[in-house]
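Summary of structural features
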Amino acid sequence: MRHPLVMGNWKLNGNKKMVSDLIDGLRKELNAVQGCGVAIAPPVMYLDQAQQALADSQIVLGAQNVDVNLSGAFTGEVSAEMLKDIGARYIIIGHSERRTYHKESDEFIAKKFAVLKEAGLIPVLCIGETEAENEAGKTEEVCARQIDAVLESQGAAAFNGAVIAYEPIWAIGTGKSATPAQAQAVHKFIREHIARKDAKVAEQVIIQYGGSVNDKNAAELFAQPDIDGALVGGASLKADAFAVIVKAAAAAKA
Ligand SMILES: O=C[C@H](O)COP(=O)(O)O
């Protein structure tokens, strides 16, 4: 039985006070929630502060990126071992903002996936199509290609214990979420695509939806059978809104 996971991607936002205030708020709001995994991915600069603030809570630390290299002359990078050392567990890779602004390819992201698995960390593999691809009817083709980069290099078993976040790019930060039916159709396709290689792996893999998830639309998204929680951007910066999303996931999958 899959458990939902709601993860907050803080992106390039925050400062020391905000980290402290937001985590205080989350701890209060989410104190008694059960049945839904919760993670936050603050900017790398604040991971240590966040980990200390999360002590003895059920909220798990995550991170927004990782390098493919483990150590050496790679200025500005952060390794899987460093993330592990600091206490992070869920690591976002392949976010469309990195694919776009940092020109990360499917193959490069697949390498990050392998590095994280090797380190015992949990990849949160973001996939999703642009608006033009969506309008051209290429959503499934794009998602399949992005997943295949991992499937073909590492096999279906690599998705054991991993997380996929389906994030249509046209829905990110736009206030225009995919409808529950639209998202469910793509999630079902993703699960079936993996099931062609390994049905057991496909059944357990957590497939989050991301893209303008908020406290108003979360419940109807989570009511869909293949939507296992969310990767939340903007709404993860407010403790009360994020808590409503987490509680909606817990209630939908109880
Ligand atoms: O990683 C999170 C996604 O990019 C969604 O961001 P958003 O909730 O602000 O649309």
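Everything discussed here concerns the structure shown above.
These notes cover the structure that comes with them. (Residues numbered from 1 in each chain as written. Predicted model: local features only at pLDDT ≥ 70, side-chain atom pairs only at ≥ 80, totals over all residues. Heavy atoms only, no water.)

Describing empty space enclosed by the protein
Summed over the entire model, instances satisfying the criterion amount to one cavity of 30 Å³ or more. When its volume is computed, the largest cavity comes out at roughly 30 Å³. Forming the walls of the largest cavity are G94, H95, S96, R99, C126, I127, G128, Q146, E167 and I169. Of all elements in the fold, only helix 4 (96–101) and strand 5 (122–127) reach the threshold of two or more residues within the lining of the largest cavity. (1 Å grid on protein atoms, 1.4 Å probe; cavity = no way out; pocket = protein on both sides within 12 Å on 5 of 7 lines; lining within 4 Å. Points joined across faces, edges and corners; volume = space filled by probe spheres on them. Helix = DSSP H or I, 4+ residues; strand = E, 2+ residues; numbered from the N terminus.)

Side note on the side chain of S177
Considering the arrangement of structural elements, one finds S177 in the loop between strand 6 (163–166) and helix 8 (180–195). The buried category is assigned to S177, whose relative accessible area is 18%. Of note is the side chain of S177, whose polar atom sits 3.4 Å from the side chain of Y209. With residues near it in sequence (within four places) discarded, S177 still touches W170, A171, Y209, G211, S212, N217 and L221. (Buried < 20%, exposed > 50% of the residue type's maximum accessible area, 1.4 Å probe, protein only. Polar contact = N/O pair within 3.5 Å; in protein donor to acceptor, adjacent residues only side chain to side chain. Contact = heavy atoms within 4.5 Å.)

Regarding the site of the ligand
The local shell around the ligand holds 13 residues, among which K11, H95, G173, S212 and G234 are the closest. One of the side-chain N or O atoms of N9 is found 3.0 Å from an oxygen atom in the ligand. Contact with the protein chains hides 95% of the accessible area of the ligand, taken as 300 Å² for the molecule alone. More than half of the atoms of the ligand fall within 2 Å of the grid points belonging to the second largest pocket. Looking at the shell around the ligand, its residues break down into four nonpolar, seven polar and two charged. (Near = heavy atom within 4 Å. Areas by Shrake-Rupley, 256 points an atom, 1.4 Å probe, with all protein chains shown as cover. Sits in = over half its atoms within 2 Å of the grid points. Nonpolar A, V, L, I, M, F, W, Y, C, P; charged D, E, K, R; others polar.)

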